[in-house]
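# Understanding the architecture of this molecule
Letter by letter, the chains look like this.
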Amino acid sequence: SQELEQSPQSLIVQEGKNLTINCTSSKTLYGLYWYKQKYGEGLIFLMMLQKGGEEKSHEKITAKLDEKKQQSSLHITASQPSHAGIYLCGADIAGANSKLTFGKGITLSVRP
Amino acid sequence: SAVISQKPSRDICQRGTSLTIQCQVDSQVTMMFWYRQQPGQSLTLIATANQGSEATYESGFVIDKFPISRPNLTFSTLTVSNMSPEDSSIYLCSARTPGRETQYFGPGTRLLVL
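Description of the structure in this document. (Residues numbered from 1 in each chain as written. Chains lettered and ligands numbered in written order. Predicted model: local features only at pLDDT ≥ 70, side-chain atom pairs only at ≥ 80, totals over all residues. Heavy atoms only, no water.)

### Notes on the sheet that holds strand β1 (residues 4–7) of chain B
Residues and elements named next belong to chain B. Here we have 4 strands laid out as an open sheet, ordered β1-β3-β8-β7, and antiparallel in their pairing. The open sheet has two edge strands, β1 and β7 (68–72), and neither has a second partner. Going across the sheet, the axis of each strand differs from the next one's by a mean of 15°, ignoring polarity. The pairing of strand β3 (residues 19–25) with strand β8 (residues 75–80) spans 6 bridges and is antiparallel. Opposite T20, over in β8, you have T79 as the bridge partner. (Pairing = 2+ DSSP bridges. Helix = DSSP H or I, 4+ residues; strand = E, 2+ residues; numbered from the N terminus. Axes fitted to C-alpha atoms, helices over the stretch in contact; angles between N-to-C directions.)

### What to know about the packing of aromatic side chains
A full pass over the atoms with the stated rule returns 10 aromatic pairs over all chains. Look at Y33(A) and Y35(A): their rings are 6.3 Å apart centre to centre, the planes differ by 10°, and that puts the pair in the stacked class. In terms of burial, Y33(A) and Y35(A) fall into one category: buried. Judged by centre distance (5.6 Å) and plane angle (65°), the rings of F61(B) and F66(B) are edge-to-face. With respect to burial, F61(B) and F66(B) carry one shared label: buried. One aromatic cluster is present, formed by Y33(A), Y35(A), F45(A), F102(A), F33(B), Y35(B) and F105(B) through successive ring pairs. (Phe/Tyr/Trp six-rings, centres within 6.5 Å; stacked < 30°, edge-to-face > 60°. Buried < 20%, exposed > 50% of the residue type's maximum accessible area, 1.4 Å probe, protein only.)

Structure follows, in structure tokens:
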């Protein structure tokens, strides 16, 4: 079974709309990383969360890690076509700054 | 921040041959990793490249198929040996320094095996 579940699998929104995507684990997330990937390109680091209840924002993107450190959400305000891509969450689920495990990713399309 | 470059960026190879992918980081990092991203799939960790010692491989990946070198703190290579079409994938190099809040990825090497 997948250790990190991302939902929804894909999302199509109208430009200007807000959206939220999620990343859930049955295990404690010692470090939760959000990345964005354009088709055929590498991963662009967005944010990293470590503490339960932590929230970080960059431009129109806000990421949160719940108090139990088992779920993270990423919220985009007033989406733009430039936000389109694949959003991947990766997590350290073993602790001690070890390797990252990744979810399958969420494909976001933004209609102009 | 760290900038990671990979060579080649893409290649088309014949079945049975081998390809070596190079990864260069512009600053010293303690942890380097190799991932594989098969078409439409997420990232799967192949191995952790250890400086000066043998790499640590994940379940399902073996040294004979994916030999890895890491001669210093900024450089690593991954070889895909005796390739088959199932090896067609994007191979990504990644680097992280414990205690810092970022794990960086290279642009990837797109491999097609015919």
